[in-house]
Amino acid sequence: MFGRSTRDSTQGSGRSVATSNPLLKWLIGGVLAVVAVGVIIEVSRDIYSHVTKPDEVAEVSVAGRALPPFDAELDDPAVGLAAPSFAATTFDGVEVSVQPGDGTAKVIGFYAHWCLECKRELPRVSRWLWLNQLPAGVEVLAVSTDVLSDHSNYPPSAWFAEVGWPAIALRDSEDSEIGDAYGLTTVPYAVVVDGRGRVVARVVGELTDEGWESLVAAAAGVEV
């Protein structure tokens, strides 16, 4: 209605209502200003969400049979089973394919940002990794899982950066598919897989330096 040129029947001047009515021009200008501000806000939100704020969970793919849920009170039925492979991404969006049985043994730690024991263990393991060299043929991976934005120590990407985690850290999916595939029942949780892709050990609970060293030794095939 604002764009139509309507003759002033009483004045006959040929001017449009839109150009001759100061109040109407003010209203049009106000509407356009509100629209412009709205566009700027939405663009700013889009830039922030895609550039400065990493996603804390991401899509993953898992292949192979899932390990049975871990129960610390029982002999572990997963020992000797083939560990599933998976593809996930780092907090920076770099895709990593984890293929048990590729000749490299793996210690895979599962951590949740809100877990008190995880908050103590992750900095300790990080410090150990900075100060010690892993045995040949052993690698360490961390999986950030069970992310809850309304819980403490969120976001996990900032937590991993703060503790200076020196190894690969991967994002689990919103439904914790990697954790489920590895039989996770509580955190912190670690799974040791040998170079043939077979599960050597699984443990839950906060690890001391000595406990962590035992896992690394198990991955390397060293008796402790």
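The structure we're discussing is the one just above.
This part covers the overall build of the chain. Per the secondary structure count, the chain includes 6 helices and 8 strands. N-terminal to C-terminal, the α/β element order of the chain is α-α-β-β-β-β-α-β-α-β-α-β-β-α. Expressed as a percentage of the 224 residues in the chain, the buried residues total 37%. Here the analysis covers contacts within the chain between residues at least 6 apart in sequence; of these, 71% occur between residues at least 24 apart.

Moving on, we come to the nonpolar core. Grouped together as the largest cluster of nonpolar side chains are 27 residues, with contacts concentrated most on V107, Y111, L129, F160, W165 and W212. Among the elements of the structure, β4 (105-111), α3 (116-131), β5 (138-144), α4 (156-162), β7 (189-193) and α6 (209-219) are those that each provide at least two residues to this core. Residues within four places of F160 in sequence aside, it is in contact with F91, L122, A142, S144, W165 and A169. Counting 21 residues, the second-largest nonpolar core is a separate cluster that includes F86, V143, Y182 and V193.

Here we take up the packing of aromatic side chains. Under the counting rule described, the total for this entry stands at 9 aromatic pairs. Note on F70 and Y189: the rings are 6.0 Å apart at their centroids and 45 degrees apart in plane angle, and the pair reads as tilted. Linking F70 in the loop between β1 (61-63) and β2 (85-89) with Y189 in strand β7, this pair joins segments that are 119 residues apart in sequence. The class for F70 is buried, based on a relative accessible area of 11%. When its relative accessible area of 2% is taken as the criterion, Y189 is described as buried. Both rings, one in W128 and one in W212, keep their centres 6.4 Å apart while their planes meet at 75 degrees; by these two values the pair is edge-to-face. You can see W128 sitting in helix α3 and its partner W212 sitting in helix α6, a full 84 residues away along the chain. Among the aromatic residues, ring-to-ring pairing joins F70, F86, F110, Y182 and Y189 into one connected group.

Turning our eyes to something else, we now look at the side chain of T90. Along the chain, T90 falls in the loop between β2 and β3 (95-98). Excluding its chain neighbours within four sequence positions, the residues that come into contact with T90 are V96, A169, L170 and R171.

This brings us to the packing of α3 against α6. Two quantities define a packed helix pair, namely the angle between the helix axes and the distance between the axes. The contact between α3 and α6 brings their axes to 10 Å, and the two run at 60 degrees. In this view, α3 runs oblique relative to α6, as classed from their interaxial angle. The chirality of how α3 crosses α6 is right-handed. Contacts between α3 and α6 involve R124, V125, W128 and L129 on the former and, on the latter, D209, W212, E213 and V216. Each residue belonging to the contact of α3 with α6 can be placed in one class, and the counts come to 5 nonpolar, no polar and 3 charged.

The rules behind these values
- Residue numbers here run from 1 along each chain, matching the order of that chain's written sequence.
- Only residues with pLDDT of 70 or above have their local features reported here, since the model is predicted, and side-chain atom pairs are shown and tallied only from 80 upward, although totals for entire chains, interfaces and linings are computed over all residues.
- No hydrogens and no water enter the side-chain calculation; it runs on all heavy atoms of the structure.
- For the purposes of this entry, the term helix denotes a DSSP run of H or I that reaches at least four residues, the term strand denotes a run of E that reaches at least two, and both are numbered from the N terminus.
- Here the term buried applies to any residue with accessible area under 20% of the maximum for its type, exposed to any over 50%, and partly exposed to those in between, with areas from a 1.4 Å probe on protein chains only.
- Any two residues whose heavy atoms approach within 4.5 Å are treated as being in contact.
- For this analysis, a nonpolar core means a set of buried residues of the types Ala, Val, Leu, Ile, Met, Phe, Trp, Tyr and Cys, connected via side-chain atoms within 4.5 Å.
- Here is the rule: rings of Phe, Tyr and Trp (six-membered ring for Trp) pair when centre to centre is within 6.5 Å. Planes less than 30 degrees apart are stacked, more than 60 are edge-to-face, and the remainder are tilted.
- Lines are fitted to the C-alpha atoms to define the axes, a helix being fitted only along its stretch in contact, and any angle between axes, read from their N-to-C directions, falls within 0 to 180 degrees.
- In this scheme, roughly parallel covers angles under 35 degrees and roughly antiparallel covers those over 145, while 65 to 115 is roughly perpendicular and the rest are oblique.
- Handedness of a helix crossing follows the sense of rotation of the near helix relative to the far helix, less than a right angle counterclockwise being left-handed and clockwise being right-handed.
- Under the scheme applied, nonpolar residues are Ala, Val, Leu, Ile, Met, Phe, Trp, Tyr, Cys and Pro; charged residues are Asp, Glu, Lys and Arg; polar residues are all the others, including Gly.

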